Amino acid sequence: MRRSGNRALFATALASVALTWLVACVSSVAPQASAPWPGADLAPPHPSDNPPTPIKTELGRRLFYDGDLSWDGTMSCATCHEQKRGFTDPNKTRQGFDGTPGERNIQTLANVAWFRSLTWGGPHVDTLEHQALIPIEGFVPVEMGFGGKPEGALAQRLKDQACYPQLFRAAFPERQGEISLDTITMALSVFQRSLVSLDSPYDRYQRGDLKAISDQAKRGAALFDSKQCASCHAGPHFTDAAIPGRKPVETFHRLAIPADGKDAGLQRITQKPEDAGKFRTPGLRNVALSAPYMHDGEAATLSDAIRHHFGLADQADERLKQSVSDREVGDLIAFLEALTDQGFITNPAFALPNPGCPVAGDAALASEEANSRRLRNSPAGP
Ligand code: HEC
Ligand code: HEC
């Protein structure tokens, strides 16, 4: 894209106006994470080549909620990742925009900034920037449907709108406001790294408020350690995939052997027989909101999900060779329920953005009609 010096200056001015506006809005609702978990670094990590700014985060949020990111305009990221459910949905699997059946259960997005291995089965998917291409362009399964479509179709669609060119100029001044899959996925990733959930009752308990959780949840927390749940669901994000230094493949574990023709998990990528049925440990924040469970959504309740760990007769993993009593399962569930972060699921900074253009100088541009044709919360879906 060609850009004149004047326009660059204009973009800088816009960016600073927008920045002030956004800082005012966002800082008042930022998650409280003052007195942290011992030893945990609670500021979400950002790669040096995609630093966050308030305006880039806002652009990412609009993209996340924009149906224009799907080929026919009906499906946004938020269609499948709903804030009120911790950014997942209530289906076992969810079909793509054109009805292609989904293959795996949708994951929550809380604290994905820290995850070093993303998705149930892709140890090579190690950045959010890379992951975001999968729903937009992927074929296995088709989700948003831009795979195989003319190159640049999505970028052109955004360039043709009134607001996006201004937003991209404000968010990517060093790239002269380039609108491309590259900058689209960068902005989406910055927004997703802002999805921090660290203020559940259990966090408050960790920070010293001993009344924040029930006695049953405290027993569950103790069991979570003694039953070695915390060896895989490790650290403050409850997955070894967020533990620094852990190799991605080491965060995949087999709880069950897949039946013939069923999802082979890690084996699909590595082709190694010993990897059949291995999936990456999911994070457990807000897990009480994200039923159904497991990679295939086959576990309807938390109780089913916990018991599913202990069913394999010739289990090779010592940690999964135990039994759990009904009482222990009840206590573990009380603990998992204490990981629900109400502030996270109601934080307006993560919700459907206001209609109108956040960087628009004039009223016509800021109008709802010009800019929000497709911004949406999840429409009623299958
Ligand atoms: C049709 C539903 C659907 C849409 C639309 C969708 N996703 Fe997902 N998302 C899923 C499913 C299913 C998974 C789990 C897939 C897997 O792990 O193989 C997932 C996983 C993810 C993960 C990995 C989470 C983890 O714990 O590793 C991220 C991040 C994510 N999606 C972001 C996005 C973004 C960004 C968009 C929009 C560009 C988007 N998704 C659109 C269904 C969807
Ligand atoms: C050996 C590693 C390991 C241990 C130990 C372990 N888990 Fe898991 N957990 C996993 C993996 C891997 C999955 C996903 C498996 C799948 O989808 O097939 C999972 C899934 C879950 C889920 C479903 C989450 C979702 O979003 O679908 C819950 C809940 C859960 N585990 C709780 C526990 C509890 C409670 C314990 C201790 C009693 C425990 N886990 C012990 C690895 C482990």
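Preceding this section is the structure that the text describes.
Residues numbered from 1 in each chain as written. Chains lettered and ligands numbered in written order. Predicted model: local features only at pLDDT ≥ 70, side-chain atom pairs only at ≥ 80, totals over all residues.

(A) A look at the overall build of the protein chain. If you tally the helices and strands in the protein chain, you get 16 helices and two strands. Expressed as a percentage of the 382 residues in the protein chain, the buried residues total 40%. Counted over contacts in the protein chain with a minimum sequence separation of 6, partners at least 24 positions apart contribute 68%. (Helix = DSSP H or I, 4+ residues; strand = E, 2+ residues; numbered from the N terminus. Buried ≥ 20, exposed ≤ 12 C-beta atoms within 10 Å, placed from the backbone. Contact = placed C-beta atoms within 7 Å.)

(B) Just helix α7 (residues 181-193), in detail. Taking 1.5 Å of rise per residue, 13 residues should cover 18 Å, and α7 covers 18 Å from first to last C-alpha, within 8% of that figure. Inspection of α7 places T183, I184, T185, M186, A187, L188, S189, V190, F191, Q192 and R193 among the buried residues, and these make up the whole buried set. Against the buried residues of α7 lie α2 (54-64), α4 (128-137), α5 (153-159) and α6 (164-171). (Expected span 1.5 Å × (residues − 1).)

(C) Main features of the site of ligand 1. Near ligand 1 you find 28 residues, and of these C77, C80, T119, W120 and P135 are the closest. Secondary structure elements with two or more residues in the shell around ligand 1: α3 (77-80), α4 and α7. Its residues placed into classes, the shell around ligand 1 shows 16 nonpolar, nine polar and three charged. (Near = placed C-beta within 6 Å. Nonpolar A, V, L, I, M, F, W, Y, C, P; charged D, E, K, R; others polar.)

(D) Up close: the environment of R254. The residue R254 is located in strand β1 (residues 252-254) in this model. Between the C-alpha atoms of R254 and L312, which are 58 residues apart in sequence, the distance is 9.4 Å. The residues touching R254, leaving out its near neighbours within four places in the chain, are G277 and K278.

(E) Highlighting α6. When you tally the buried positions in α6, you get seven out of eight residues, the bulk of the element. Turning to α6, its buried residues are Y164, Q166, L167, F168, R169, A170 and A171.

(F) Here's a closer look at the site of ligand 2. Around ligand 2, a shell composed of 25 residues is seen, among which C229, C232, Y293, M294 and H295 lie nearest. Residue composition of the shell around ligand 2, grouped by class: 14 nonpolar, eight polar and three charged.

(G) How the structure looks around the environment of A259. The residue A259 is located in the loop between β1 and α11 (267-270) in this model. Between the C-alpha atoms of A259 and A276, which are 17 residues apart in sequence, the distance is 10.0 Å.

(H) Expanded view of the nonpolar core. Counting residues in hydrophobic clusters, the biggest one holds 52 residues, and the most contacted among them are L167, A171 and A187. For this core, the elements supplying multiple residues, two or more each, are α2, α3, α4, α5, α6 and α7. Excluding residues within four positions of it along the chain, A171 makes contact with T53, I55, K56, L59 and A187. Among the nonpolar cores identified, the runner-up in size contains 23 residues, and Y202, A217, Y293 and L332 belong to it. (Core = buried A, V, L, I, M, F, W, Y, C linked by C-beta atoms within 7 Å.)

(I) Focus on the packing of α2 against α7. Interhelical geometry of α2 versus α7 gives an angle of 100° and a closest axis separation of 7 Å. On the basis of the axis angle, α2 is roughly perpendicular to α7. For the pair α2 and α7, the contacting residues are K56, T57, L59, G60, R61, L63 and F64 in the first and I184, A187, L188, V190 and F191 in the second. Here the contact of α2 with α7 is built from residues that sort into eight nonpolar, two polar and two charged. (Axes fitted to C-alpha atoms, helices over the stretch in contact; angles between N-to-C directions. Parallel < 35°, antiparallel > 145°, perpendicular 65-115°, else oblique.)

(J) Looking closely at unusual backbone geometry. Following V140, the chain continues into P141 via a peptide bond in cis, with omega recorded as -5°. Counting through the fold element by element, P141 comes out in the loop between α4 and α5. At the junction of A291 and P292, the peptide bond is cis and its omega measures out at -5° in the coordinates. In this structure, P292 sits in the loop between β2 (278-280) and α12 (302-308). Its identity is not glycine, yet Q176 carries a phi of approximately 50°, on the positive side. Tracing the sequence through the fold places Q176 in the loop between α6 and α7.

(K) The packing of α2 against α6, seen in detail. Running from N to C, α2 and α6 point in directions that differ by 145°, and their axes come no closer than 8 Å. The element α2 and its partner α6 pack so that their crossing is left-handed. Between α2 and α6, the residues in contact are I55, K56 and L59 and L167, F168, A170 and A171, respectively. Split into classes, the residues belonging to the contact of α2 with α6 amount to six nonpolar, no polar and one charged. (Left-handed = near helix turned anticlockwise from the far one by under 90°.)

(L) Quick look at the environment of A113. The topology assignment puts A113 in the loop between α3 and α4. For the pair A113 and P44, spaced 69 residues apart in the sequence, the C-alpha separation amounts to 5.7 Å. Ignoring anything within four residues of it in the chain, the contact list for A113 reads P44, P45 and R193.

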